[in-house]
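Working through the structure, step by step
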Amino acid sequence: MSSLLEFTDEVKEALQQGLPVVALESTIISHGMPYPDNVAMANKVESIVRENGAVPATIAIMNGKIKVGCNARDLEILANSKNVVKVSRRDFPFVIQNKSVGATTVAATMIAASMAGIRVFATGGIGGVHRGWESSLDISADLYELQNTSVAVVSAGAKAILDIPATLEVLESFGVPVIGFNSDTFGAFYSRSSGIALEMNMKTANEIAEFLHLKWWMGLQGGVLISNPIPSEFEISAELIEPVVAAAVDEAKNLGINGKRLTPFLLTKIKEVTAGKSLLANLQLVYNNAALAGQVASAYAQKSA
Ligand code: PSU
Ligand code: MN
């Protein structure tokens, strides 16, 4: 199976030597942001991971292989080609079989990271339980992956396009620890706080690394969600973003947009309506997560040594 994985030399060497590596998703590049902001973001996130002591490994599918680490050309392809497939758990074999270009969601990135032996992953926001779940049953495969796959995911919480209380209920049922980094509430992506309290608060990357070691050493498999709120200077208040989100959710419903198309549709709509303000916030929170993930990966590698 390892023949399916295609490592860059840098990532391969880092893994062989037990050096810190941070996995990065590619759906955020191909389906989460417009070109060329997306490719600028992808490159900058990689530099931030490096500045924080770890090697970045952007995950994607190309030419029938799972890339663990992308070069500048790969990132450009992911950012600027038509027909990039959004790949979650169920899409993997089909996209490999057809040699399509695939961008990995949080779920798919966790799978690839775990296969490669990478324990820490930085994203923007995770998928979750969608508003209106009572009738649509739309629960992101990201939550099931967090239940099963032993990778720590650094996020800014979950976006207000979701039903955040329901998302946290599912994470609790699935036994997924949710750690607030320097915050006692769960992050709401564009805003620092969803208002929902978190019991586990940590103030240093080192504490988080210790927690990860202990959980997995105990044999408690599964992911860990780290909620790293957006820096206050970049946040958009809940009052401002809520009506925009509600309108986008309504419009999606009226247009019959569902399944894997829903999240990208909502993100694009919100960006249009906020005249790019949401994009700016999105970029900054991803950078903030990349920095913390680099630090957590470094602390984790030190404890493994
Ligand atoms: N949330 C964001 N931006 C994103 C995503 C989620 O704020 O780009 C992407 C992530 O890749 C996540 C995926 O894993 O959407 C979830 O999609 P779905 O809801 O279809 O599972
Ligand atoms: Mn969904």
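Here is a short report on the structure shown in this document.

Scoring rules and cut-offs
Per chain, residue numbering runs from 1 following the sequence as it is written. Going through the entries in the order they are written, you letter the chains from A and number the ligands from 1. For a predicted model such as this one, the threshold for reporting local features is a pLDDT of at least 70, and the threshold for listing and counting side-chain atom pairs is 80 or more; totals across whole chains, interfaces and linings nevertheless cover every residue. Hydrogens and water molecules were not included; the side-chain quantities draw on all heavy atoms of the structure. By definition, any uninterrupted DSSP run of H or I lasting at least four residues is a helix, any uninterrupted run of E lasting at least two residues is a strand, and each is numbered from the N terminus. Throughout, the radius of gyration refers to the C-alpha atoms, and the reference size of a globule is 2.2 Å times the residue count to the power 0.38. Contact criterion: two residues are considered in contact whenever any of their non-hydrogen atoms come within 4.5 Å of each other. All accessibility values rest on the Shrake-Rupley procedure with a 1.4 Å probe; residue burial counts only the protein chains present in the view. Positive residues here are Lys and Arg, negative ones are Asp and Glu, while His and the chain termini are left out of the count. A charged residue contributes its charge at one atom only: NZ of Lys, CZ of Arg, CG of Asp or CD of Glu. Any helix carries an expected span of 1.5 Å times its number of residues minus one. Exposure is judged per residue with a 1.4 Å probe applied to protein chains only, and the accessible area is read against the type maximum: over 50% gives exposed, under 20% gives buried, and values in between give partly exposed. We call a residue near a molecule or strand whenever a single non-hydrogen atom of that residue lies within 4 Å of it. Pairs of N or O atoms are called polar contacts if they sit within 3.5 Å, as long as, within protein, a hydrogen donor faces a hydrogen acceptor (for residues adjacent in sequence, only side-chain-to-side-chain pairs). Residue polarity follows a fixed list, in which Ala, Val, Leu, Ile, Met, Phe, Trp, Tyr, Cys and Pro are nonpolar, Asp, Glu, Lys and Arg are charged, and the others, Gly among them, are polar. It is the directions from the helix axis to the C-beta atoms whose arc is reported. Here, strands pair whenever DSSP counts at least two bridges between them.

Here's the deal with the overall build of the protein
On a plain count of helices and strands, the protein comes out with 13 helices and 11 strands. In terms of overall size, the protein behaves like a compact globule, its C-alpha atoms giving a radius of gyration of 18 Å where 305 residues would be expected to give roughly 19 Å. When its C-alpha atoms are laid out on the principal axes, the protein stretches across 50 × 45 × 35 Å. Residue pairs in contact within the protein that sit at least 24 positions apart in sequence constitute 73% of those at least 6 positions apart. Approximately 13,300 Å² of the protein is accessible, and the part contributed by carbon and sulfur atoms is 53%. Between the centroid of the 24 positive side chains of the protein and the centroid of its 29 negative side chains there is a distance of 6 Å.

Side note on helix 13 (residues 277-304)
For helix 13, which comprises 28 residues, the first-to-last C-alpha distance of 41 Å matches the rise-based estimate of 40 Å (1.5 Å per residue) to within 8%. With 20 of 28 residues buried, helix 13 is to be regarded as a mostly interior element.

Regarding the site of ligand 1
By nearness alone, 16 residues border ligand 1, and Glu25, Lys86, Ser140, Asp142 and Lys159 come closest of all. Between Val106 and ligand 1, the recorded distance is 2.8 Å, taken from a backbone N or O atom to an oxygen atom. Here a nitrogen atom of ligand 1 and a backbone polar atom of Gly125 are 3.3 Å apart. Its free accessible area being 480 Å², ligand 1 has 94% of it covered by the protein chains. Of all the secondary-structure elements, those providing two or more residues to the shell around ligand 1 are helix 2 (27-30) and helix 12 (262-273). Along the lines of polarity and charge, the residues of the shell around ligand 1 split into 4 nonpolar, 7 polar and 5 charged.

Some points on helix 8 (residues 141-148)
For helix 8, the set of buried residues is Asp142, Leu143, Glu145 and Leu146. For helix 8, the angular spread of the buried residues around the axis is 160°, confining them to a single face. Each element contacted by the buried residues of helix 8 is listed here: helix 6 (106-116), strand 8 (152-155), helix 9 (164-173) and strand 11 (224-227). Capping the start of helix 8 is the job of one residue whose side-chain oxygen sits 3.0 Å from the backbone nitrogen of Asp142: Ser140.

Topic: the pairing of strand 2 (residues 21-24)
Of the two faces of strand 2, the one carrying Val21 and Ala23 and the one carrying Val22 and Leu24 are both buried. Of the pairings in the sheet, the one linking strand 2 to strand 3 (residues 55-62) comprises 4 bridges and is parallel in character. Each bridged residue has a counterpart across the sheet, and for Leu24 the counterpart in strand 3 is Thr58. As defined by bridge partners, strand 2 adjoins strand 7 (residues 120-122) across 3 bridges and the pair is classed as parallel. Its bridge partner being in strand 7, Leu24 is matched across the sheet by Ala122.

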